[in-house]
2 protein chains.
Amino acid sequence: MQKVRIKDIAAIAGVSPGTVDRVIHNRGNVSDKARQRVLEVMQELNYQPNIIASTLAYNRTFRLAIMTPSPKHDTYWELPYSGITKAWNNVKHYGVMIDEYFYHPLLESSFQARAKQVLHDRPDAVLLAAETEKESLDFIHSCLKKNIQCMLINTLLESPDILGYVGQDSFQSGILAAKLLSNVVQKSDYLMIIHAEEHFEQSRHLIEKESGFRQFLEQHGNQKIEQLVLKNHSEDYIRMELGDFISKHGKPGGIFVSNSRGYLIAQALKELDAHCHLVGFDLIEPNIRLLNEGAILYLINQNAELQGYYALMSIVNKCILKKEVPARHFLPIDIVVPENVSYYLDSMHWLS
Amino acid sequence: MQKVRIKDIAAIAGVSPGTVDRVIHNRGNVSDKARQRVLEVMQELNYQPNIIASTLAYNRTFRLAIMTPSPKHDTYWELPYSGITKAWNNVKHYGVMIDEYFYHPLLESSFQARAKQVLHDRPDAVLLAAETEKESLDFIHSCLKKNIQCMLINTLLESPDILGYVGQDSFQSGILAAKLLSNVVQKSDYLMIIHAEEHFEQSRHLIEKESGFRQFLEQHGNQKIEQLVLKNHSEDYIRMELGDFISKHGKPGGIFVSNSRGYLIAQALKELDAHCHLVGFDLIEPNIRLLNEGAILYLINQNAELQGYYALMSIVNKCILKKEVPARHFLPIDIVVPENVSYYLDSMHWLS
DNA sequence: TGACAAATTGTGTGCGAACACAGTATCAAT
DNA sequence: ATTGATACTGTGTTCGCACACAATTTGTCA
């Protein structure tokens, strides 16, 4: 397994390094005879280009635009951004440059403005969180025309023009939540799904989680489901709503909270002295605390930091290292209990 | 964030690149005045060495010895080896060379012979699976004397002389198994722990899993536990043993199989028409099949492929890239059900 | 002040690959 | 025979860094 260099191939094939280089990069101006010979020798010696030397010689820069909601306006996006940063630390020497184009998650005009900037700056690729469907599709199309590659993150948008997708599988995580609850509740009990988000109809992730949840239950015993939408996050409001709901419908066998606000519901239940099995999402501090206290039964985790990490790595692998990457990369859906939570916290400490 | 080169620093500090180089590498023979000036400028421009160019210029080779049980004799070791190979694909350009010193897992003499070879060949580092304590400690000590770094994998051995450890936390996975079962069984039922391994007393992992399992139950309701050791893997034998056991003790509320042979027990239970909740280990094909059929309730997964991957990456990060790496790296303990199993299979497809 | 050693600093080469450019060969047209 | 066009090939420079070696400065003592 010793290293084979262009020089070596050239010597054995009886040509100059330049010719070997031309063959390797299909740069033409090589006689058929020479090309054949070079290819033969390359095959024979199993030539593997030295990517280190190659990178140095190219001396290129690869400009990547990061286009996600601003972490300042939505702290969730700190996680993917952190993953992106960690990945960047591992690949910056390939000449990768990052420019941020954070947009306001609720202002469409903000997205449009950023999109315009990106198209003007013409980076080599865009890492895009496509929060709104129509605008994003238009943008992707414009990028294509300007030869800018698009990698999607967090929300999957069906488009043939994208480089790939890295993110969650919300539907499947809804299925999983249903499975976990159905393992621990009585058939006679009803289950409850809570969206702690006023405009949950506008969040594809929440809708998909609910669909998955319902589908599983329909296919496995058709347990009864009640839904509750909590319009704000104040403790009093939630406690009242829950209290009313329970006195009306009786205590549910299990509760599925579709976003990261599980801790609010668990806390309210504690205060109402009405413990029940609760499945929530995301390893944020209050959730973990209530998980450890037993007020939350399971947390489902789709590592958002890894999302950013993989997304950037995929772009680099594909565009710079010319490796094959999967078109769709779904993060694992981890089941978290107090006994294994620590392994998922700071899951990327081993990276830079 | 433009790039700063040694040249640039030299020019601004008014010295030659050679001097800057000497400062960076603490190679001495630099006047205090020059060193101060250079350090100042480096600080000011936030110099980050170009590791690509550095690697190319070093033109060193780093020889790594892989010392694990032979994958031929124990197929488990195919997984770490596969992870090692994938990691190697990502770092081979740093001049990493791998030599294999597989030993026979049951022959102590085989280990000794390999150890002798390694000490003779004097690699830069060893990736060691320390299956037996005493011999391994001796070996680690010998390595230290010859300035060979040791990274442990799979089995943690307490020694101050090691570079680090990457692997499982067996005790904790036993705890987790107990937790999962206690969530689904009646307090009145008894639990069963099965070691499908004749000489389980000699396997630290199995012992630790059992300890964890028992500890959790002692601390949470003190559920009754029965133990069964299966001395061989023949279907008839297992069915008979289980049948006898159940007719003697009654059907257990849940079964914990401490190694990857859960499928054998699940199969036997099916044939005995005695379904019960079963928690097993490892995502091997028969286990996954029986998980999907519902004959296994949970599988616990500690990705053995990642183990090899992280181990090699840790060595490279530490010894070549001079980054800090954690002294102990435990793999996550994944809870696997049919609804999320696919994400853990081929979990490394995104690498090389 | 000169001689000479020690301390410090500068210069140059090589790592492997990419690519511009100069150079050679071939052949047809004049 | 000379020119020009085309097809092909080799050479040399570059990337940023490491390190050997040459060159220079500084210090010491007679």
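Here the residue index of a chain counts from 1 through its sequence in written order. Throughout, the order in which chains and ligands are written sets their labels, letters from A for the former and numbers from 1 for the latter. Local features in a predicted model are, by the rule used here, given only for residues with pLDDT of at least 70; side-chain atom pairs are given and counted only at 80 or more, and totals for whole chains, interfaces and linings are based on all residues. To obtain the side-chain values, all non-hydrogen atoms of the structure were used and water was disregarded.

Enquirer: How would you summarise the domain arrangement of chain A if you had to cite specific residues and measurements?
Expert: In terms of domains, chain A is made up of domain 1 (6-49), domain 2 (58-167 + 304-331) and domain 3 (170-301). Look at where the C-alpha atoms of domain 1 of chain A and domain 3 of chain A centre, and you get two points 63 Å apart. For the purposes of this description, domain bounds are those given by an automatic or database domain assignment.

Enquirer: An account of the sheet that holds strand S5 (residues 164-167) of chain A is needed here, citing residue identities and associated values.
Expert: Residues and elements named next belong to chain A. Two strands qualify as a pair provided DSSP detects at least 2 bridges between them. Helix numbering and strand numbering both begin at the N terminus, where a helix is a DSSP run of H or I of at least 4 residues and a strand a DSSP run of E of at least 2. The six strands are arranged S2-S1-S3-S4-S5-S11 in an open sheet whose pairing can be described as parallel. Whereas interior strands pair on both sides, the edge strands pair on one side only; in this sheet they are strand S2 (96-100) and strand S11 (328-330). Neighbouring strand axes in the sheet, compared pairwise and without regard to direction, differ in orientation by 20° on average. The pairing of strand S4 (residues 149-153) with S5 spans three bridges and is parallel. By the bridge assignment for S5, Met-151 is matched with Gly-164. Along the sheet, helix H7 (residues 133-145) makes contact with strand S1 (62-67), strand S3 (125-128) and S4, crossing S3 at roughly 165°. In this analysis, axes come from line fits to C-alpha atoms, helices being fitted only over the stretch in contact, and the angle between any two N-to-C directions falls in the range 0 to 180 degrees. The contact definition used throughout considers only heavy atoms, calling two residues in contact when any of these lie within 4.5 Å.

Enquirer: Quick rundown of the pairing of strand S8 (residues 254-257) of chain A? Include the residues and the values.
Expert: Residues and elements named next belong to chain A. Burial along S8 is two-sided: the face carrying Gly-254 and Phe-256 and the face carrying Ile-255 and Val-257 are both buried. Alignment of S8 against strand S9 (residues 277-281), held across three bridges, turns out to be parallel. The partner of Gly-254 across the bridge, within S9, is His-277. Handedness of the crossover joining S8 and S9 through helix H11 (residues 262-272): right-handed. Relative accessible area decides the class of each residue, using a 1.4 Å probe on protein chains only: under 20% of the type maximum gives buried, over 50% gives exposed, and in between gives partly exposed. Consider the strands pointing away from the viewer: the crossover is right-handed when the path from the first strand over the helix to the second runs clockwise.

Enquirer: Lay out the protein's contact with DNA strand D in plain terms, naming residues and giving numbers.
Expert: Whether a residue is near a molecule or strand depends on its heavy atoms: it is near if one of them lies within 4 Å of it. Neighbouring DNA strand D are 25 residues; A:Ser16, A:Arg22, B:Ile6, B:His25 and B:Tyr47 lie closest to it. In DNA strand D, atoms within 4 Å of the protein come from the sugar-phosphate backbone in 73% of cases. Two N or O atoms form a polar contact when they lie within 3.5 Å of each other; inside protein one atom must be a possible hydrogen donor and the other a possible acceptor, and for residues adjacent in sequence the pair counts only when both atoms belong to side chains. With respect to DNA strand D, the side chain of A:Ser31 contributes an N or O atom lying 3.0 Å from a phosphate oxygen. At a separation of 3.4 Å, a base oxygen of DNA strand D approaches a polar backbone atom of A:Ala57. For the surface near DNA strand D, the secondary-structure elements that each account for two or more residues are helix H2 (17-24) and helix H4 (51-58) of chain A together with helix H4 (51-58) of chain B. The element that contributes the greatest number of residues to the surface near DNA strand D is H4(B), accounting for four residues. Broken down by class, the residue content of the surface near DNA strand D amounts to 11 nonpolar, nine polar and five charged. Three classes are used: nonpolar for Ala, Val, Leu, Ile, Met, Phe, Trp, Tyr, Cys and Pro, charged for Asp, Glu, Lys and Arg, and polar for all others, with Gly counted as polar.

Enquirer: Which residues make up the nonpolar core, and what values go with them?
Expert: In terms of nonpolar packing, the biggest core is built from 105 residues, with A:Met67, A:Val126, A:Phe139, B:Met67, B:Val126 and B:Phe139 touching the most fellow members. Setting aside residues no more than four positions away along its own chain, B:Met67 makes contact with B:Tyr101, B:Tyr103, B:Phe111, B:Arg114, B:Ala115, B:Val118, B:Val126, B:Leu127, B:Leu128, B:Ala129 and B:Phe139. In terms of nonpolar packing, the next biggest core, distinct from the first, is built from 62 residues, A:Leu264, A:Leu278, A:Leu291 and B:Tyr263 among them. The term nonpolar core refers to a set of buried residues drawn from Ala, Val, Leu, Ile, Met, Phe, Trp, Tyr and Cys, joined through side-chain atoms within 4.5 Å.

Enquirer: Give a detailed account of the packing of helix H2 (residues 17-24) of chain B against helix H3 (residues 32-45) of chain B, specifying residues and quantitative values.
Expert: All names here are of chain B. Relative orientation of the contacting elements H2 and H3 amounts to 85°, with a least axis distance of 10 Å. With respect to their mutual orientation, H2 and H3 come out roughly perpendicular. Here H2 contributes Thr-19, Val-20, Val-23 and Ile-24 to the contact with H3, which in turn contributes Ala-34, Arg-35, Val-38, Leu-39 and Met-42. Residues belonging to the contact of H2 with H3 are distributed by class as follows: seven nonpolar, one polar and one charged. In these notes the angle categories are as follows: under 35 degrees is roughly parallel, over 145 is roughly antiparallel, 65 to 115 is roughly perpendicular, and the rest is oblique.

Enquirer: Residues and numbers for the interface of chain A and chain B, please.
Expert: Opposite the 48 residues of chain A that make contact, chain B presents 48 residues. Here the buried area means the combined drop in accessible surface, using a 1.4 Å probe, for two parts upon being joined, counting both sides. Here chain A packs against chain B, burying approximately 4,100 Å² in sum over the two surfaces, 62% of which is carbon and sulfur. Salt bridges are counted wherever a side-chain nitrogen of Lys or Arg sits within 4 Å of a carboxyl oxygen of Asp or Glu. With a shortest N-O distance of 3.2 Å, B:Lys179 and A:Glu339 are connected by a salt bridge. Our count for the contact surface shared by chain A and chain B stands at 15 residue pairs in polar contact (both at pLDDT 80 or more).

Enquirer: I'd love a proper account of the protein's contact with DNA strand C, names of residues and values included.
Expert: Taken together, the neighbourhood of DNA strand C is formed by 26 residues, with A:His25, A:Tyr47, B:Ser16, B:Arg22 and B:Ser31 sitting nearest. Among atoms of DNA strand C positioned within 4 Å of the protein, sugar and phosphate together represent 67%. In this structure, A:Asn50 approaches DNA strand C through a main-chain N or O atom, which is 3.3 Å from a phosphate oxygen. For DNA strand C, a phosphate oxygen lies 2.6 Å from a polar atom in the backbone of B:Ser16. At the level of elements, H2 and H4 of chain A together with H2 and H4 of chain B are the ones that each hand at least two residues to the surface near DNA strand C. A total of five residues in the surface near DNA strand C trace back to one element, the largest contributor, which is H4(A). Of the residues that constitute the surface near DNA strand C, the class distribution is 11 nonpolar, nine polar and six charged.

Enquirer: Please provide a residue-by-residue account of the state of the cysteines, values included.
Expert: Only a pair of cysteine sulfur atoms within 2.5 Å counts as a disulfide in this structure description. Throughout the structure, instances matching the rule amount to zero disulfides over all chains. Here A:Cys143 stays free of any disulfide, with the sulfur of A:Cys150 as its closest cysteine sulfur at 3.8 Å.

Enquirer: Give me the lowdown on unusual backbone geometry, citing residues and values where you can.
Expert: One non-glycine residue with positive phi stands out, namely A:Asn46, at about 55°. Following the sequence through the fold, A:Asn46 ends up in the loop between helix H3 (32-45) and H4. Even without being a glycine, B:Asn222 presents a positive backbone phi close to 55°. Considering the arrangement of structural elements, one finds B:Asn222 in the loop between helix H9 (204-219) and strand S7 (225-229). Since its relative accessible area comes to 54%, B:Asn222 is described here as exposed.

Enquirer: Can you tell me about the pattern of salt bridges, naming the residues and giving the values?
Expert: Residues and elements named next belong to chain A. Following the criterion strictly, the structure yields 32 salt bridges over all chains and no others. Where Glu-271 meets Arg-239, a salt bridge forms, and the shortest distance between an N and an O atom there is 2.6 Å. Highlighted residues: Glu-271 in helix H11 and Arg-239 in helix H10 (residues 235-249), separated in sequence by 32 residues. Look at Glu-271 and you get partly exposed, because its relative accessible area is 41%.

Enquirer: Just give me the short version of the pairing of S3(A), but keep the residues and values in it.
Expert: Within a regular beta strand, the side chains point alternately toward one face of the sheet and then the other, so they alternate between its two faces. Residue and element names in this part refer to chain A. Burial of the side chains of S3 extends over both faces: Ala-125 and Leu-127 are buried on one face and Val-126 and Leu-128 on the other. Pairing geometry for S1 and S3, over four bridges, is parallel. What sits directly across from Ala-65, in S3, is Val-126. Judged from the four bridges that link them, S3 and S4 form a sheet pairing that is parallel. In the sheet register, Leu-127 faces S4, and the bridge partner there is Met-151. Crossover connection from S3 via H7 to parallel S4: handedness right-handed.

Enquirer: So what about the environment of A:Phe256? Which residues, and what values?
Expert: Residue and element names in this part refer to chain A. Along the polypeptide, Phe-256 turns up in strand S8. Residue classification places Phe-256 among the buried positions, given a relative accessible area of 0%. Each C-alpha atom, one on Phe-256 and one on Gln-227, is 9.5 Å from the other, the two residues being 29 residues apart in sequence. Dropping the residues within four chain positions of it, Phe-256 is found in contact with Gly-174, Ala-177, Leu-181, Met-192, Ile-193, Ile-194, Lys-209, Phe-213, Val-279 and Phe-281.

Enquirer: Break down the relation of the copies chain A and chain B for me, with residues and values.
Expert: Each copy is superposed on the other by least squares, with the fit set by C-alpha atoms of residues at a pLDDT of at least 70 in both. Between the two copies, chain A and chain B, the superposition gives an RMSD of 0.2 Å; the rotation angle is 180° and the shift along the axis is 0.1 Å. The relationship between the two copies is best expressed as a two-fold rotation axis. Of the interface residues in chain A, 100% have counterparts in chain B that sit at the interface too, so the contact is made through matching surfaces.

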